[in-house]
Amino acid sequence: MAAMASAPPLKGIKVLEFAGLAPGPFAGLILADAGASVLRVDRPPTNAEGAVPSPDMLARHKSSIIVDLKNPRGVAFIKRLIKHIDVLIDPFRPGVLEKLGLGPDELLAINPRLIYGRMTGFRRDGKYADMAGHDINYLAASGVLSLLGRQGEKPSPPWNILADFAGGGATLAQGVLLALISRNSSGKGQVVEANMVDGSSYLATFPRMALKTPVGNKPRGTNILDGGCPWYDTYETSDGEYMSVGALEPQFFQALIKGLGLEGQGWEAKRHDTSIWPQLRALFSKIFKSKTRTEWEAVFDGTDACCVPVLHYRELESQPGREGDQRPAVTLRGTPCYSPSAREGGGYVGEPLAAGQGGEEVLMEWLGWKKGGQYELEKGALVLADKGGDSKL
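In the annotation of an unreviewed UniProt entry, the entry for the chain reads Alpha-methylacyl-racemase, and the organism field reads Trichoderma arundinaceum. What UniProt records for the chain under Sequence similarities (unreviewed entry) is the sentence "Belongs to the CoA-transferase III family."

Attention now goes to the pairing of strand β3 (residues 62-66). When you tally the buried positions in β3, you get five out of five residues, the bulk of the element. Alternating positions in β3 separate into two faces, Lys62, Ser64 and Ile66 on one and Ser63 and Ile65 on the other, with burial throughout. In this structure, strand β2 (residues 37-42) lies alongside β3, joined through five bridges in parallel fashion. Of the residues in β3, the one forming a bridge with Leu39 is Ser63.

Turning to the environment of Leu58, a few remarks are in order. With respect to the element layout, Leu58 can be found in the loop between β2 and β3. For Leu58 and Thr237, which are 179 residues apart along the polypeptide, the C-alpha to C-alpha distance reads 35 Å. Among all residues touching Leu58, those that are not within four sequence positions of it are Ala22, Pro25, Phe26, Leu29 and Phe165.

On to the packing of aromatic side chains, then. Across all of its chains, the model carries 14 aromatic pairs by this definition. With a centroid separation of 5.2 Å and an interplanar angle of 90°, the aromatic rings of Phe26 and Phe165 are classed as edge-to-face. With Phe26 in helix α1 (residues 23-33) and Phe165 in helix α6 (residues 161-186), this residue pair connects regions lying 139 residues apart in the sequence. Given a relative accessible area of 22%, Phe26 falls into the partly exposed group. Feature note: the residues Tyr235, Phe284, Phe288, Trp296 and Phe300 constitute an aromatic cluster, connected by ring pairs. Sitting over the face of the ring of Trp267, Lys270 holds its NZ or CZ atom 4.8 Å from the ring centroid. Across from the ring centre of Trp296, 5.6 Å away, lies the NZ or CZ of Lys291, which sits over that ring.

Attention now moves to the domain arrangement of the chain. The assigned domain composition of the chain is domain 1 (14-205 + 331-384) and domain 2 (232-318). Its C-alpha centre places domain 1 at a distance of 42 Å from the equivalent point of domain 2.

Here the focus is the packing of helix α5 (residues 135-142) against α6. The packing of two helices is summarised by the inter-axis angle and the distance between the axes. Contact geometry for α5 and α6: axes closest at 7 Å, N-to-C directions at 80°. Put simply, α5 runs roughly perpendicular to α6. Residues Asp135, Tyr138 and Leu139 of α5 form the contact with α6, whose own contacting residues are Ile161, Leu162, Ala163 and Asp164. Looking at the contact of α5 with α6, its residues break down into five nonpolar, no polar and two charged.

Within helix α2 (residues 72-82), the full set of buried residues consists of Gly74, Val75, Phe77, Ile78, Leu81 and Ile82. Down the axis of α2, the buried side of the element spans an arc of 155°, and every buried residue falls inside it. Measuring from the side-chain oxygen of the N-cap residue of α2 to the backbone nitrogen of Arg73 gives 2.9 Å; that N-cap residue is Asn71.

A word on the nonpolar core. Counting residues in each nonpolar core, the largest one holds 31 residues, and the members touching the most others are Val15, Leu31 and Val87. Among the secondary structure elements, those contributing two or more residues to this core are α1, β4 (87-90), β5 (115-120), α5, α6, β6 (190-195) and α7 (196-203). The leading source of residues in this core is α6, at seven residues. Counting residues in hydrophobic clusters, the runner-up holds 28 residues, among them Ile78, Leu81, Phe92 and Tyr116.

Turning to the sheet that holds β6, a few remarks are in order. In a beta sheet, neighbouring strands are held together by backbone hydrogen bonds and run either parallel or antiparallel to one another. One open sheet holds the six strands; their spatial order is β3-β2-β1-β4-β5-β6, and the pairing between them is parallel. The sheet is open, and its two edges are formed by β3 and β6, each paired on a single side. The average angle at which neighbouring strand axes cross in this sheet is 20°, direction not considered. Taken together, the five bridges between strand β1 (residues 14-18) and β2 define a ladder with parallel strand orientation. The residue of β2 that forms the bridge with Glu17 is Arg40. Each of β1, β2, β3 and β4 touches α2; the most contacted strand, β1, lies at about 155° to it. Contacts from α7 reach β5 and β6, with the element oriented near 70° to β6.

Bringing the pattern of salt bridges into the picture now. Under the definition given, this model contains 21 salt bridges. The closest approach of N and O atoms between Arg40 and Asp42, which form a salt bridge, is 2.9 Å. Considered together, Arg40 and Asp42 belong to a single accessibility category, that of buried residues. A salt bridge links Arg40 to Asp56, with the shortest nitrogen-to-oxygen separation between them at 3.3 Å. With Arg40 in strand β2 and Asp56 in the loop between β2 and β3, this residue pair connects regions lying 16 residues apart in the sequence. Of the two residues, Arg40 and Asp56, neither departs from the other in class, the shared state being buried. Here the salt bridges do not stand alone but share partners, grouping Glu241, Arg293, Glu297, Glu315 and Arg322 into one network.

Turning next to the confidence of the model for the chain. Summary statistics for the chain give a mean pLDDT of 93 and a share of 95% for residues scoring 70 or more. Predicted confidence for residues 388-392 stays below pLDDT 50, and this span has nine contacts to residues more than four positions away or in other chains.

Moving on, we come to the side chain of Lys14. The residue Lys14 is located in strand β1 in this model. Among buried charged residues, Lys14 stands out as having no salt bridge; its nearest opposite-charge side chain is Asp86, 5.0 Å away. Apart from the residues lying within four places of it in its own chain, the contact partners of Lys14 are Ser37, His84, Ile85, Asp86, Val87 and Trp366.

Rules and cut-offs
Residues numbered from 1 in each chain as written. Predicted model: local features only at pLDDT ≥ 70, side-chain atom pairs only at ≥ 80, totals over all residues. Heavy atoms only, no water. UniProt positions renumbered as here; feature names shortened; annotations may be inferred. Buried < 20%, exposed > 50% of the residue type's maximum accessible area, 1.4 Å probe, protein only. Helix = DSSP H or I, 4+ residues; strand = E, 2+ residues; numbered from the N terminus. Pairing = 2+ DSSP bridges. Contact = heavy atoms within 4.5 Å. Phe/Tyr/Trp six-rings, centres within 6.5 Å; stacked < 30°, edge-to-face > 60°. Lys NZ or Arg CZ within 6 Å of the ring centre and 35° of its normal. Domains from an automatic or database assignment. Axes fitted to C-alpha atoms, helices over the stretch in contact; angles between N-to-C directions. Parallel < 35°, antiparallel > 145°, perpendicular 65-115°, else oblique. Nonpolar A, V, L, I, M, F, W, Y, C, P; charged D, E, K, R; others polar. Arc of directions from axis to C-beta. Polar contact = N/O pair within 3.5 Å; in protein donor to acceptor, adjacent residues only side chain to side chain. Core = buried A, V, L, I, M, F, W, Y, C linked by side-chain atoms within 4.5 Å. Salt bridge = Lys/Arg side-chain N within 4 Å of Asp/Glu carboxyl O. pLDDT = per-residue confidence, 0-100. Lys, Arg positive; Asp, Glu negative; His and termini not counted.

Listed below in structure tokens is the structure:
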């Protein structure tokens, strides 16, 4: 009999996440999905009607407190709380928390076991360190954007997946996990620095190396894996949908040719002759347009042709037979992470977290702190109490 699963791997880890957008919250989400208790620090109300709702959709499993970091007593509250925190996530541009007296030097002096995770877009020591930027700019500076796009067309960014989330948030979360492992042996925390230029560049390790090999040494959009090869591409079907083709190996290409009804024409032997690629692509395009996507699924499902439909999220969300249930990125059999599918929205709908929602309950759960004891409310924001005798302080 299989052993019963234990609590998620980061159960008991306390994370303080300063509110931000995209990559910072995503790093916190990765930790929260793995069982960490994540407490977001939001800004105080900006008008008489209360706090403006955060546009952050990546708030699953998190709670929030409101702290005015311009108030010295608010900063004092954070410093007192830091004594009990495992991980801090700083999503701001360089110098923001340092100016508030909440930089890594100050906080690691208070709590030497703290993992101080901070992330920037550009390198902290680079040419663009003091400049604003977004995903497309970080991809551009890293060299990765130069690889993305069709032949004869301008470079094309893939939403903000690659720099913000993969090179930024996910890379920061990986660094935090490495620092937690290191702390197990050293007993000490440390600063974990991620930036989206280096993160994106590292993710592009293989393509970068391939630029010096026959796999990728031709201009953008003319190589095997960047849209130049007819058997590694997408093709429109008769109903306006698309099929993806990735038949790289000879046996897979043979299965593709069979499914397309092109056996016995010698394509297998001459497929690496780039002079015929335009002809072969035109042929593939014509044949794929002769059937609907569903009909092509019936042809290729269960084969090794590496030919799979291009699915939409609306289909994955609504069709139980598809692989659309949102699961953790990795399965840990003994200590499974939380599954997005178990919550309303199933990972397809962002979970709003109001400023201040659930935060006081978390402080009580973590440390037994309560309003009027260790902290007070001042203009809707938490501040360190003038008095409070909790022995844990």
